[in-house]
Amino acid sequence: MREHYREELEDINTCLVDMATSVGSAMTRATTALLDADVALADLVIAGDEHVDAVRESIEERCFTLLARQQPVATDLRTITTAMRIVADLERMGDLAVHVAKLARMRFPDSAVPAEVRPIFLEAGHVAQSLVAKTGAVIAQLDVQAATELESDDDLMDALHRQLFTELLSPGWPHGMESAIDITLLGRYYERFADHAVSVARRVVYLVTGERQMQEAATP
């Protein structure tokens, strides 16, 4: 019975890693759909969210079952409750990818992204993919050092978000209010995606150390 319990905990962790991969792929596809006005790809992202939601429900149900049957304490209890919080963050990341895809679809056949800010969103897509890839590795390896580095990586997304507002607030913005609203929303979606990745990292640090605050990554 105890061996099965440990295997179940390990499998839940594996499912979390797979879920991180799924939401990372969703945001990558959503970014491509956004920049290329690819409505078919946007539809794939939107349809794929059902799988992410189903995985969240499955993991939560398994965690509730373990809580009820095993009545875990100490580290095991922290492992299960942390998994339930991580899966909520990952599901929200999937939702944010869908928001990007839906905006791309809404503006089709036109692109929602004017040429002036296209490089910023291209870079935001790269940063998002890097963050979620590191998030998956943090979950898989329970790597506290990598988790602390994610906090610094998030600064890159924040800087891109500030660049967007510099463009939007410039006197020469030529694309009107509707486009400005689109860009504001999109910037927020990418920023929140990165924030949830950092939230996952913080939860892993808490799981491993019992500390709720991450220490700054050590300088090499």
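This text goes with the structure placed above it.
All of these numbers come straight from a predicted model, not from anything done at the bench.

S.K.: Go over the packing of aromatic side chains with me, naming the residues and quoting the values.
M.R.: Enumeration over the complete set of coordinates arrives at one aromatic pair. Seen in terms of ring centroids, Phe-121 and Tyr-190 are 5.8 Å apart; in terms of plane orientation they differ by 55 degrees. Their pairing is tilted. Separated by 69 residues along the polypeptide, Phe-121 in helix H4 (residues 118-141) and Tyr-190 in helix H6 (residues 176-209) bring together distant segments of the chain. Like Tyr-190, Phe-121 is buried. In this structure, Arg-78 packs its charged tip against the face of Tyr-206, placed 5.6 Å from the ring centre.

S.K.: Give me the layout of surface pockets: which residues, what numbers.
M.R.: When its volume is computed, the largest pocket comes out at roughly 290 Å³. Where the lining of the largest pocket is concerned, the elements lending two or more residues are helix H1 (2-36), helix H3 (74-107), H4 and H6. Classifying every residue of the lining of the largest pocket gives 13 nonpolar, four polar and two charged.

S.K.: Describe the pattern of salt bridges, with residues and values.
M.R.: All told, the structure shown has 15 salt bridges when counted by the stated rule. Across the salt bridge formed by Arg-107 and Asp-182, the nearest N and O atoms sit 2.7 Å from each other. Of this pair, Arg-107 sits in helix H3 while Asp-182 sits in helix H6, placing them 75 residues apart in sequence. Within the structure, one salt-bridge network assembled from shared partners comprises Glu-8, Asp-11 and Arg-62.

S.K.: Residue-level account of the side chain of Thr-31, with values.
M.R.: Within the secondary structure, Thr-31 sits in helix H1. In contact with Thr-31, not counting residues within four places along its chain, are Val-100, Phe-121, Gly-125 and Tyr-190.

S.K.: Give me the environment of Gln-163: which residues, what numbers.
M.R.: Assignment of secondary structure puts Gln-163 in helix H5 (residues 144-168). Overall, the relative accessible area of 40% leaves Gln-163 in the partly exposed class. Along the primary structure Gln-163 and Val-117 are separated by 46 residues, whereas in three dimensions their C-alpha atoms are 8.8 Å apart.

Parameters at a glance
Residues numbered from 1 in each chain as written. Predicted model: local features only at pLDDT ≥ 70, side-chain atom pairs only at ≥ 80, totals over all residues. Heavy atoms only, no water. Phe/Tyr/Trp six-rings, centres within 6.5 Å; stacked < 30°, edge-to-face > 60°. Helix = DSSP H or I, 4+ residues; strand = E, 2+ residues; numbered from the N terminus. Buried < 20%, exposed > 50% of the residue type's maximum accessible area, 1.4 Å probe, protein only. Lys NZ or Arg CZ within 6 Å of the ring centre and 35° of its normal. 1 Å grid on protein atoms, 1.4 Å probe; cavity = no way out; pocket = protein on both sides within 12 Å on 5 of 7 lines; lining within 4 Å. Points joined across faces, edges and corners; volume = space filled by probe spheres on them. Nonpolar A, V, L, I, M, F, W, Y, C, P; charged D, E, K, R; others polar. Salt bridge = Lys/Arg side-chain N within 4 Å of Asp/Glu carboxyl O. Contact = heavy atoms within 4.5 Å.

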